[in-house]
Amino acid sequence: MKKFVLAVAIFTTIYSFKNKKKEKRNTVMKRNGAYYVNNHIIVNRDYKVCPFYIPFPKLKARNALKLMIKDARNQGFQLIIISGFRSYLKQMRLFNMYVRRDGLEKAKTYSAEPGYSEHQTGLAFDVASPGLDESIKEQFQFTKESKWLQDNAHFYGFIIRYPKGKEDITEFMYEPWHIRYVGKEDAMEIVNKNLTLEEYFDLI
Ligand SMILES: [Zn+2]
């Protein structure tokens with residue numbers, strides 16, 4: 001009987017320890033000028049990257065992107081990369097240009113202020129179809145390529161970072177062209193549960 005009680009006690013301890021480990025995935029940690037949850041870098045309206053943060057080359061993400069574009073092409077869908085890594089300085093120039101054109105309030109609805117752009121992580125890309133560029137990427141949502149991306153990006157480890165209908169959570173307008181690499185396992189779970197990165201990591 002004593003042995004049984006001991007076994008139960010050990011089991012309960014291990015079980016609660018395991019659960020505690022699981023809960024840790026939502027802890028936000030800061031290191032090297034950026035915020036992380038469970039080793040995923042987080043950049044959004046609340047979590048800013050330091051101006052000097054420059055990522056190591058993100059080979060996994062780049063290779064996944066290449067493979068996705070190749071597979072899409074083989075199925076008759078043409079995806080092109082229109083934007084990848086952007087430094088703090090480049091984002092600052094871009095944002096200032098938008099502010100001059102549309103004013104601060106309007107610019108903030110479609111562009112991130114320097115330090116708040118996921119493009120500074122090297123894990124975010126803007127993709128579109130041929131004939132579209134930065135200035136007319138809104139039209140991407142009407143293409144067959146956009147539908148393909150929506151249906152398939154997660155199989156390659158990407159999520160549509162700012163989905164339709166979740167604007168109040170991401171605080172970004174719908175951006176069908178902006179994908180973020182999180183790895184296949186997490187991307188699959190995020191998409192299957194219809195979540196944003198903020199919901200997935202309990203950041204709201
Ligand atoms: Zn983007």
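Residues numbered from 1 in each chain as written. Predicted model: local features only at pLDDT ≥ 70, side-chain atom pairs only at ≥ 80, totals over all residues. Heavy atoms only, no water.

The protein chain is annotated in an unreviewed UniProt entry as D-alanyl-D-alanine carboxypeptidase of Staphylococcus succinus.

**Remarks on helix H2 (residues 59-74)**
For clarity, the cut-off: The numbering of helices and of strands both runs from the N terminus, where a helix is a DSSP run of H or I of at least 4 residues and a strand a run of E of at least 2. Helix span, as expected, comes to 1.5 Å for every residue beyond the first. Burial classification: accessible surface area is computed with a 1.4 Å probe over protein chains only, and a residue below 20% of its type maximum counts as buried, one above 50% as exposed, and the rest as partly exposed. By arc we mean the arc of the directions from the helix axis to the C-beta atoms, nothing more. Contacts are assigned to residue pairs that have any heavy atoms within 4.5 Å of one another.
For H2, built from 16 residues, the straight-helix expectation of 22 Å at 1.5 Å per residue is met to within 8% by its first-to-last C-alpha distance of 22 Å. Among all positions of H2, only Ala61, Ala64, Leu65, Met68, Ile69 and Ala72 are buried. Viewed end-on, H2 has its buried residues packed into an arc of 135°, placing them on one side of the element. Opposite the packed face of H2, turned more than 90 degrees from it, sit the exposed residues Leu59, Lys60, Lys66 and Asn74. Each element contacted by the buried residues of H2 is listed here: strand S4 (80-83), strand S5 (124-128), helix H5 (144-152), strand S6 (158-162) and strand S7 (175-181).

**Considering the side chain of Glu175**
Position of Glu175 relative to the elements: it lies in strand S7. Every residue in contact with Glu175, bar those within four places of it in the chain, is listed here: Tyr110, Ile160 and Tyr162.

**A short note on the sheet that holds strand S3 (residues 40-42)**
Rules: Pairing between strands is defined by DSSP: at least two bridges between the two strands are required. With axes taken as lines fitted to C-alpha atoms, and helix axes fitted only over the stretch in contact, angles between N-to-C directions fall between 0 and 180 degrees.
One open sheet accounts for three strands, arranged S1-S2-S3; its pairing is antiparallel. With one partner strand each, in any of the chains shown, strand S1 (28-31) and S3 form the two edges of the open sheet. On average, adjacent strands in this sheet sit at an angle of 45° to one another, irrespective of strand direction.

**Let's talk about the coordination of the zinc ion**
When a metal holds four donors in a tetrahedron, each ideal angle between them is 109.5 degrees; when it holds six in an octahedron, the ideal angles are 90 or 180 degrees. Under the convention used in this document: Each metal's donors comprise the N, O and S atoms found within 2.8 Å of it (within 3.2 Å for Na, K or Ca). Water is not part of the atom list, so some coordination spheres may appear incomplete.
Surrounding the zinc ion are the protein donor atoms His119 (NE2), Asp126 (OD) and His178 (ND1), which sit 2.0 to 2.1 Å from the metal. Sequence spacing of the donors to the zinc ion: H-x6-D-x51-H. For Asp126, a relative accessible area of 2% translates into the label buried.

**Some details on unusual backbone geometry**
Phi at Asn38 is positive, roughly 50°, even though this residue is not glycine. Topologically, Asn38 is positioned in the loop between strand S2 (34-37) and S3. A relative accessible area of 41% means that Asn38 is categorised as partly exposed. For Asn194, which is not glycine, the phi dihedral falls at a positive 55°. Examined against the element boundaries, Asn194 turns out to sit in the loop between helix H7 (184-192) and helix H8 (197-200). Of the residues examined, Asn194 reaches a relative accessible area of 55% and is grouped as exposed.

**Comments concerning the pairing of S1**
The side chains of a regular strand alternate, residue by residue, between the two faces of the sheet. Here S1 pairs with S2 via four bridges, running antiparallel. Note that in S2 the partner of Met29 across the bridge is Tyr36. Between the end of S1 and the start of S2, which pair antiparallel, lie two residues, with Asn32 showing a positive phi angle near 50°.

**A look at the pattern of salt bridges**
Under the convention used in this document: Each reported salt bridge corresponds to a side-chain nitrogen of Lys or Arg within 4 Å of a carboxyl oxygen of Asp or Glu.
Enumeration according to the criterion identifies nine salt bridges in this entry. Measuring nitrogen to oxygen at the nearest pair gives 2.7 Å for the salt bridge that ties Arg161 to Glu118. Here the residue Arg161 occupies a position in strand S6, and Glu118 occupies one in the loop between helix H4 (104-110) and S5, the gap between them amounting to 43 residues. Overall, Glu118 belongs to the buried group, its relative accessible area being 1%.

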